[in-house]
Every structure is written in C-alpha cells, then in structure tokens.
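Listed here are the chains, written in short residue letters.
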Amino acid sequence: MPKLFFVRGLFFVVISLLTLPTAQASEFEPISISYSIGLDSSKFGNATLGKVNTTLSTTDNGYVIESVTRFQGMAAIITGNNHQESCEFEINDGKAITNRYSGGRIGKNEYAVDFDWQARKVSFDTDQFIELPQGYVVDNCVMWFAAALLKDKGLGEQAMYVVDGKKKRIRGFTQRSSESVIIDTKLGKKETIKLVLERELRPDRTLTFWLSPEDQYLPLRIQESRKSRTTTFEVETLELLGG
C-alpha cells in the first residue's frame, strides 16, 4: 500500500527574533476556503485523495483556524479516520505568532503542541521540550495563512522551520525562487506569486505556494514534491464570511 504524505493545515508561523510589538488583528477578513487534494505518484499513478475545508475567524486578540481533511477512496481505507487541526494565533509586525495548536483524528485529541516563545522551545509532550532553531517558525495548522502574510516579500535569506504536531518533528526550508505567474483555478485565471521553498539538506524536496494578491495573498495552490510523488492542493471554493 502507498505511504501517503499530506502537507497539513496551514501556513508559516513566523515570530519576531527580537521584541514583539502590539498585536494586530486586521490582516485577514474571516474566510472559508476549501482545497481538493491530488496525488501524482511514479509508483501508484494519479489519484484524488480528498478535500480540506478550512475556516478562519477573528477573536479579540487575533484569529482561530479550524481545518478538517476528509479522505476518499483508497486514501480513506489507508488513513482511516478523517483528520482535524485547530489553532489560535496573533499577528505582530506582519508576522503570525501561534498561541495554541492541536489536532488528530476526528473525535480524538491526539496531540497538542505548546510553544514557549520567550525561551524558544516547543513541547510535543508536557514534560519534554525541544529547542527551536533561529529563523521563521511555522506550525502546520497556521502555515498557509502565515505564507499569505509574506505577500511578495518571500523569506529572503532566512530559513523557515515547520513544526509538525502529528509526526512530532521540525523541518527546515529555504527559499529557492519567487516569481509572478498566472494560473488557471476553479476561481478563474489568477495572477499569483509563485514561492518555491526547498528542504534543508534535501533540495530534491520542495514546498511551493501560489499566493493570490487579489485574495488576501492566500495560496490558491500548494504543492509538496519529492522524487517519488507530488501532492497538490487546488482551491475549490473561497468565501468571505464578513465579520
């Protein structure tokens, strides 16, 4: 059976390396966005794996994200239960700071990640901390929205690190390229910023975002690629919720 890999939840969590200014809560309008998940595998061919539905709403201090992945076909047989993640975050100086991150199979609370930003440590278990590397820090839940906050600036020379609560690991990425491209989507033709990141020590593995300036710089396509397979998230619907 194929071993499936999904890039989850959503968008880079970026923290300031120095002091954190007063939190802002005006970067995003509340929104509901859904993506289809496609797999292109040299071993197993092409398949539609399911759909991701994500809702962003506002709080007094920032935002809450609720994201549900529903699998179909062989993916549902292999992975079993559908998956959910949730997180709360604030925006400081145009960068996202996560306050809470949890997830797991629907109906089960399988992991909760605690961040100590002052000490630069993260905990996957309440009694064990891992030191965070210097650079941008990204958790899976808020990743896609934090990518949107980069707009057309990109990562520059800094590295970005992804905190994965499900697999209890941190992966590093650096920027390979950034360019303006027009793509066809379910929402029509869109001008986007194509941002390509590559894994530290594994440049054959890339993570690519197509950010739409017209749609709050949210990614309309996300693609995780390696030699054996490519997993692609394609926007299906995008709806402003209005407050």
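A. Examining the state of the cysteines more closely. Summed over the entire model, instances satisfying the criterion amount to one disulfide. Paired by a disulfide, C87 and C141 hold their sulfur atoms 2.3 Å apart. Measuring the twist about the S-S bond at about -80°, one finds the C87-C141 disulfide to be left-handed. Placement of the pair is C87 in strand β4 (residues 83–92) and C141 in the loop between β9 (136–139) and α2 (143–150), with a sequence separation of 54 residues. Assessed through its relative accessible area of 0%, C87 is described here as buried. C141 sits in the buried class, given a relative accessible area of 0%.

B. Inspection of α2 at higher detail. Where burial is concerned, most of α2 is hidden: eight out of the eight residues are buried. Residues of α2 that are buried include every one of M143, W144, F145, A146, A147, A148, L149 and L150, and no others. Of the residues one or two after α2, K151 is the one with positive phi, at around 50°.

C. Just the environment of I183, in detail. Mapped onto the fold, I183 is located in strand β11 (residues 169–185). Its relative accessible area of 6% is what places I183 among the buried residues. Taking C-alpha positions, I183 is 9.8 Å from K194, a pair spaced eleven residues apart along the chain.

D. A look at the pairing of strand β3 (residues 63–71). The buried fraction of β3 amounts to seven of the nine residues, a majority that puts the element mostly inside the structure. What sits between the antiparallel neighbours strand β2 (residues 45–58) and β3 is a turn of four residues. Sheet topology note: the β3/β4 ladder contains seven bridges and is antiparallel. Residue pairing in the sheet places V68 in a bridge with Q84 of β4.

E. How the structure looks around the pattern of salt bridges. Tallying each qualifying case throughout the model produces twelve salt bridges. Two residues, D164 and R169, come together in a salt bridge whose shortest N-O distance is 3.6 Å. For D164, a relative accessible area of 5% gives the class buried. Given a relative accessible area of 27%, R169 falls into the partly exposed group. Of the charged contacts, one joins K186 and E236 as a salt bridge, the two residues approaching to 3.2 Å between their closest N and O atoms. Of this pair, K186 sits in the loop between β11 and β12 (188–199) while E236 is found in strand β15 (residues 229–240), placing the two residues 50 residues apart along the sequence. Residues joined by salt bridges that share partners form a network here, namely K190, E214 and D215.

F. Here's a closer look at the nonpolar core. Ranked by internal contacts, the top residues of the largest apolar core, which has 54 residues, are F28, F89, F145 and F209. It is α2 that contributes the most residues to this core, eight residues altogether.

G. Layout of the confidence of the model for the protein. Scored by pLDDT, the protein has a mean of 84; 85% of the residues are at 70 or more. This stretch, residues 1–25, has a pLDDT under 50; its non-local contacts, to residues over four places away or in other chains, come to 110 contacts.

H. Geometry of the environment of T237. Mapped onto the elements of the fold, T237 is located in strand β15. Relative accessible area serves as the criterion here: at 44%, T237 is assigned to the partly exposed category. Once the C-alpha coordinates of T237 and I33 are considered, the two residues, 204 residues apart in sequence, prove to be 5.6 Å apart. Apart from the residues within four sequence positions on either side, T237 is in contact with S32, I33, S34 and L187. Here the side chain of T237 touches S34 through a polar contact of 2.6 Å, side chain to side chain.

Reading guide: rules and limits
- Residues numbered from 1 in each chain as written.
- Predicted model: local features only at pLDDT ≥ 70, side-chain atom pairs only at ≥ 80, totals over all residues.
- Heavy atoms only, no water.
- Disulfide = S-S within 2.5 Å.
- Helix = DSSP H or I, 4+ residues; strand = E, 2+ residues; numbered from the N terminus.
- Buried < 20%, exposed > 50% of the residue type's maximum accessible area, 1.4 Å probe, protein only.
- Pairing = 2+ DSSP bridges.
- Salt bridge = Lys/Arg side-chain N within 4 Å of Asp/Glu carboxyl O.
- Core = buried A, V, L, I, M, F, W, Y, C linked by side-chain atoms within 4.5 Å.
- pLDDT = per-residue confidence, 0-100.
- Contact = heavy atoms within 4.5 Å.
- Polar contact = N/O pair within 3.5 Å; in protein donor to acceptor, adjacent residues only side chain to side chain.

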